[in-house]
Amino acid sequence: MKKFPIKIVSTQDQDLLQVRFFPTDICNFNCSYCFPGSHDGKFRYPKDLESTLINFRNVFDQYKQIGKTKFHLTISGGGEPTLWPKLEDFCKGLKESHNVFITLVSNGSRTLEWWKNNYHYFDDVTLSFHHEYANIQHHCDVADFLYEKELKVTTLVLMDFKNWDKCVHSIDTMLASKYPWYIQTKEIVDAPGHGMDVYSEQQKKYIDDSIKRIPAGDRLLKQLNDIKIHQSVVLFNDNTAEVARPHTVILNNWNQFQGWQCMIGLESIVITHDGLVNSSCGVKLNGIEPVICPKTDCTCQPDTHITKCII
Ligand code: SF4
Ligand code: SF4
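1. A word on the overall build of the chain
Looking only at helices and strands, the chain features 11 helices and 15 strands. Out of the 311 residues belonging to the chain, those deemed buried represent 35%. Considering only contacts in the chain between residues 6 or more positions apart, those separated by 24 or more positions represent 74%.

2. Thoughts on the site of ligand 1
With respect to spatial proximity, 13 residues lie near ligand 1, and among them Cys-27, Phe-29, Cys-31, Cys-34 and Asn-107 are the closest. Of the residues assigned to the shell around ligand 1, the class counts are four nonpolar, eight polar and one charged.

3. Re the site of ligand 2
What surrounds ligand 2 is a group of 14 residues, the closest being Cys-262, Cys-281, Cys-293, Cys-298 and Asp-303. Of the residues that constitute the shell around ligand 2, the class distribution is 10 nonpolar, one polar and three charged.

4. Observations concerning the sheet that holds strand β3 (residues 70–75)
The pairing of strands in a sheet happens through backbone hydrogen bonds and is either parallel or antiparallel. Taking strand neighbours across the sheet as the criterion, the nine strands line up as β8-β7-β6-β5-β4-β3-β2-β12-β13 in an open arrangement whose pairing is mixed. Taken across any chain shown, the strands that pair with only one partner, and hence form the sheet edges, are β8 (211–213) and β13 (277–278). Sheet topology places β3 next to strand β4 (residues 100–106); five bridges connect them, and they run parallel. Opposite His-72, over in β4, you have Phe-101 as the bridge partner. Running at roughly 160 degrees to strand β6 (residues 152–159), helix α5 (residues 164–174) makes contact with β5 (124–129), β6, β7 (182–187) and β8 of the sheet.

5. Examining the environment of His-72
Within the secondary structure, His-72 sits in strand β3. Apart from the residues within four sequence positions on either side, His-72 is in contact with Leu-16, Gln-18, Val-19, Phe-101 and Thr-103.

6. Examining the nonpolar core
Val-19, Leu-73, Val-125, Ala-143, Leu-146 and Val-153 are the most contacted members of the largest nonpolar core, which has 43 residues in total. The biggest single contributor to this core is helix α4 (residues 136–148), with five residues. If we skip the residues at most four places from it in the chain, Val-125 touches Leu-104, Ser-106, Leu-146, Leu-151 and Val-153. If you look at the next biggest cluster of nonpolar residues, it comprises nine residues, including Ile-264, Cys-281, Cys-293 and Ile-306.

7. Some points on the pairing of β3
The side chains of a regular strand alternate, residue by residue, between the two faces of the sheet. Most of β3 sits out of view: five of its six residues are buried. As judged from the six bridges shared by strand β2 (residues 16–21) and β3, these two strands associate in the parallel manner. Residue Leu-16 lies in a different strand from β3, and its bridge partner there is Lys-70. Crossover connection from β2 via helix α1 (residues 49–64) to parallel β3: handedness right-handed. Traced from β3 through helix α2 (residues 87–97) to β4, the parallel crossover comes out right-handed.

8. Brief notes about α2
For α2, every residue scored as buried is listed here: Leu-87, Phe-90, Cys-91 and Leu-94. Looking straight down α2, one finds its buried side chains confined to an arc of 95 degrees; they lie on one side. Projecting away from the buried face of α2 at angles above 90 degrees are the exposed residues Lys-92 and Glu-96. Packed against the buried residues of α2 are α1, β3 and β4.

9. Description of the packing of α1 against α2
In contact at an axis separation of 10 Å, α1 and α2 are set at 35 degrees when each is read in the N-to-C sense. Once α1 is placed against α2, the crossing between them reads as right-handed. Contacts between α1 and α2 pair Leu-49, Thr-52, Leu-53, Phe-56 and Arg-57 from the former with Asp-89, Phe-90, Gly-93, Leu-94 and Ser-97 from the latter. A breakdown of the residues in the contact of α1 with α2 according to their chemical character gives five nonpolar, three polar and two charged.

10. Section: the sheet that holds strand β10 (residues 241–244)
The strand order β10-β9-β1-β15-β11-β14 describes an open sheet built from six strands, whose pairing is antiparallel. A strand with exactly one partner marks an edge of an open sheet, and here the two such strands are β10 and β14 (291–292). Note that strand β11 (residues 261–262) and β14 share two bridges and pair antiparallel. In the strand pairing of β14, Gln-261 is matched with Ile-292.

11. Some points on unusual backbone geometry
Among all residues save glycine, negative phi is the norm, and among peptide bonds the norm is trans. For Arg-44, which is not glycine, the phi torsion reads 55 degrees and is therefore positive. With respect to the helices and strands, the residue Arg-44 is situated in the loop between β2 and α1. On the neighbour-count criterion, Arg-44 (15 C-beta atoms within 10 Å) is partly exposed. Although it is not a glycine, Asn-253 sits at a positive phi angle of roughly 65 degrees. Mapped onto the secondary structure, Asn-253 falls in the loop between α9 (248–251) and β11. A residue is classified by how many C-beta atoms lie within 10 Å of it, and Asn-253, with 9 of them, is exposed.

Calculation notes
- Residues numbered from 1 in each chain as written.
- Chains lettered and ligands numbered in written order.
- Predicted model: local features only at pLDDT ≥ 70, side-chain atom pairs only at ≥ 80, totals over all residues.
- Helix = DSSP H or I, 4+ residues; strand = E, 2+ residues; numbered from the N terminus.
- Buried ≥ 20, exposed ≤ 12 C-beta atoms within 10 Å, placed from the backbone.
- Contact = placed C-beta atoms within 7 Å.
- Near = placed C-beta within 6 Å.
- Nonpolar A, V, L, I, M, F, W, Y, C, P; charged D, E, K, R; others polar.
- Pairing = 2+ DSSP bridges.
- Axes fitted to C-alpha atoms, helices over the stretch in contact; angles between N-to-C directions.
- Core = buried A, V, L, I, M, F, W, Y, C linked by C-beta atoms within 7 Å.
- Right-handed = clockwise from strand over helix to strand, strands pointing away.
- Arc of directions from axis to C-beta.
- Left-handed = near helix turned anticlockwise from the far one by under 90°.

Shown next, in the form of structure tokens:
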């Protein structure tokens, strides 16, 4: 009998809502593999901070009614968030009204001075490393500084198959940094010309073994929540189960959920540049209700770990 998944159960806490916010579509980099629409400069960033805060608070209050008491807000790249002049005031304002844990995703390019002035607004920082534009020494300096300030800091190295050796060499350079911050690889998929099929088997193995360095001792404990969020338990038709790590579902080609019931709007929402509440996969949300997946492939790694089942 062919073995196939029939249910995926997220390991994220039940009372937690993941919120990904893309505050801007401007960026100071111009990566060749950038996801279409990510740095077009059409929306720039929210102009009216007060209205933005009111809208976020209203959304969080609605979710509180269904038992969500903790909000993990990821201020995402796809656009460079640190270019939004009100970023710091926004973080401060939301933390005053709700139980919000803030992760900032940034290309890390702002000056060390900027990071020194602003690091305390964030609970953790993910620095995406883009080999075409990033300065490796500056990247390491920023990550070392954040680590020194006891922030949870992760570097995510985008693995460009066309410049594979350069990406691997960047990781080798990072491994010699002053502090042992977390280093992880990330595949580039779902942009024109970039799917998993462009990688060789050896490259796929390198990406699958994604964690290239973990922090030592008690610093590792701070990463555990992330690990819980980016994994799930996969149940199969033969009554077996397997823990899926970040890449497991995509790499095994288990990510076809068309017709499945998916809890995307109850576990994770996205607020886009234009202020709309959406799903990260682009599927129209059904209020705070499950959706039936209309897509042939679930291509975004975190989305593959949302709770879903065959119906
Ligand atoms: S840093 Fe991110 S948003 Fe900016 S161009 Fe590169 S991939 Fe696009
Ligand atoms: S594509 Fe969207 S709706 Fe479909 S399974 Fe993935 S997260 Fe759920």
